[in-house]
Amino acid sequence: MQELIEKFRTNVIELSNTNKSFIHCEWFVKYHLEIVEKIALELCDIYTSADRDLVKLLVWLHDYGKIIDFTNQYTATRAMGRPKLLEFGFPQDLAEKAISYIETLDNKEGLASDATPIEIKIASSADGAAHLVGPFFYFYWYENSNKSIEDLMVSGREKSAKDWENKIVLPEVKKAFETRHNFLLEQMGNIPGKFFM
Ligand SMILES: [Fe+2]
């Protein structure tokens, strides 16, 4: 299984780095996917009951649709990701499970529920947390530089709120990333009233 996942990982990296029509082509592997993977694997060390292979597969699958077909990113994961997994030789039941887990993750509804599988909670939380690491939001501003400054501030805060409230559902992640989250909000216009005691 690890060999198959490695093959799929390599394929996603190559696609993301070479698909020039993908808006995030230049930076997505280094400054998003690899960071999601790092955070997710660390979380697997905390949540030892999680299926590590499945988590790794979810990491490399969760943005597959976005890389292949940005406009139809949510449907493209099933339409093109599923046949790709089968083509690589993943068992059909695992391919179906991974695709349905990504659909739950994309839905961003009620992920904190006890009923949500831990692998989805890990992948979703790692994805949201990765947006708080490195230059992620600078790229958002760069790629949307046609918007006004105020629009960038407002849309950035909305995007960030969705990550914080809906995607990051594990308490360890909220705790570890809270300072980053608050700093990001400051960068998006929440200027503190006081800087000294
Ligand atoms: Fe992502």
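Remember, predicted model here, so these are calculated numbers, not experimental data.

Turning our eyes to something else, we now look at the nonpolar core. Membership of the largest hydrophobic core comes to 63 residues, with the highest contact counts inside it found for Phe 8, Ile 39, Leu 61, Leu 85, Phe 90, Ile 122 and Phe 177. What Ile 39 contacts, discounting residues up to four positions off in sequence, is Ala 126, Ala 129, Ala 130, Val 133 and Phe 177.

On to unusual backbone geometry. Residues other than glycine seldom take positive phi values, yet Lys 108 does so here, at roughly 55°. Here Lys 108 is to be found in the loop between α6 (92-107) and α7 (118-130).

In the first shell of the iron ion, the protein supplies His 32 (NE2), His 62 (NE2), Asp 63 (OD) and Asp 127 (OD), at 2.1 to 2.2 Å from the metal. Because the angles between the 4 donor atoms bound to the iron ion fall within 78 to 167°, the donor set is best described as irregular. In primary sequence terms, the donor set of the iron ion follows H-x29-H-D-x63-D. Placement of the pair is His 32 in helix α2 (residues 28-46) and Asp 63 in the loop between α3 (52-61) and α4 (64-68), with a sequence separation of 31 residues. Judged by relative accessible area, His 32 falls into the buried class, the value being 1%. By relative accessible area, Asp 63 is classed as buried at 6%.

Contact geometry of helix α5 (residues 73-88) with α6 gives a least axis separation of 10 Å together with a crossing angle of 160°. Taken together, α5 and α6 sit at an angle that is classed as roughly antiparallel. In this structure, the crossing between α5 and α6 has a hand that is right-handed. Two secondary-structure elements touch here, α5 through Tyr 74, Thr 77, Arg 78, Gly 81, Arg 82, Leu 85 and Leu 86 and α6 through Gln 92, Ala 95, Glu 96, Ile 99, Ile 102, Glu 103 and Asp 106. The residue inventory of the contact of α5 with α6, partitioned by class, reads 6 nonpolar, 3 polar and 5 charged.

Attention now moves to the pattern of salt bridges. Pairing of side chains with opposite charge becomes possible as their charged atoms draw close. In total, this model carries 11 salt bridges according to the counting rule given. Measuring nitrogen to oxygen at the nearest pair gives 3.6 Å for the salt bridge that ties Lys 56 to Glu 6. Separated by 50 residues along the polypeptide, Lys 56 in helix α3 and Glu 6 in helix α1 (residues 2-18) bring together distant segments of the chain. For Glu 6, a relative accessible area of 34% puts it in the partly exposed group. A salt bridge links Asp 63 to Lys 66, with the nearest nitrogen and oxygen atoms 3.7 Å apart. Each member of the salt-bridge network shares a partner with another, and the members are Glu 6, Arg 9, Glu 37 and Lys 56.

Attention shifts here to the side chain of Gln 73. For Gln 73, the location among the structural elements is in helix α5. Looking at Gln 73, its side chain comes within polar contact range of the main-chain oxygen of Phe 70, at 3.1 Å. Excluding residues within four positions of it along the chain, Gln 73 makes contact with Gly 65 and Lys 66.

Two elements in contact, helix α8 (residues 136-143) and helix α9 (residues 149-167), have axes whose closest approach is 11 Å; the angle formed by their N-to-C orientations is 135°. Considering the angle they form, α8 stands oblique to α9. As for the relative orientation of α8 and α9, their crossing is right-handed in sense. Residue-level contacts link Phe 136, Phe 137, Tyr 140 and Trp 141 of α8 to Leu 152, Met 153, Ser 155, Gly 156, Lys 159 and Ser 160 of α9.

Looking now at α3. An α-helix turns once every 3.6 residues. As a result, residues three or four positions apart point the same way. Summarising burial for α3: 7 of the 10 residues are buried, a large majority. Residues of α3 that are buried: Leu 54, Val 55, Leu 57, Leu 58, Val 59, Trp 60 and Leu 61.

What follows covers the confidence of the model for the chain. Within the chain, residue pLDDT values average 93, and 100% of them lie at 70 or more. Of all helices and strands in the chain, the one with the weakest mean pLDDT is α5 (87), whereas α2 scores best (98).

Rules used throughout
Residues numbered from 1 in each chain as written. Predicted model: local features only at pLDDT ≥ 70, side-chain atom pairs only at ≥ 80, totals over all residues. Heavy atoms only, no water. Core = buried A, V, L, I, M, F, W, Y, C linked by side-chain atoms within 4.5 Å. Buried < 20%, exposed > 50% of the residue type's maximum accessible area, 1.4 Å probe, protein only. Contact = heavy atoms within 4.5 Å. Helix = DSSP H or I, 4+ residues; strand = E, 2+ residues; numbered from the N terminus. Donors = N, O, S within 2.8 Å, 3.2 Å for Na, K, Ca; no water. Tetrahedral: all angles 85-135°; square planar, octahedral: opposite > 155°, others 65-115°. Axes fitted to C-alpha atoms, helices over the stretch in contact; angles between N-to-C directions. Parallel < 35°, antiparallel > 145°, perpendicular 65-115°, else oblique. Left-handed = near helix turned anticlockwise from the far one by under 90°. Nonpolar A, V, L, I, M, F, W, Y, C, P; charged D, E, K, R; others polar. Salt bridge = Lys/Arg side-chain N within 4 Å of Asp/Glu carboxyl O. Polar contact = N/O pair within 3.5 Å; in protein donor to acceptor, adjacent residues only side chain to side chain. pLDDT = per-residue confidence, 0-100.

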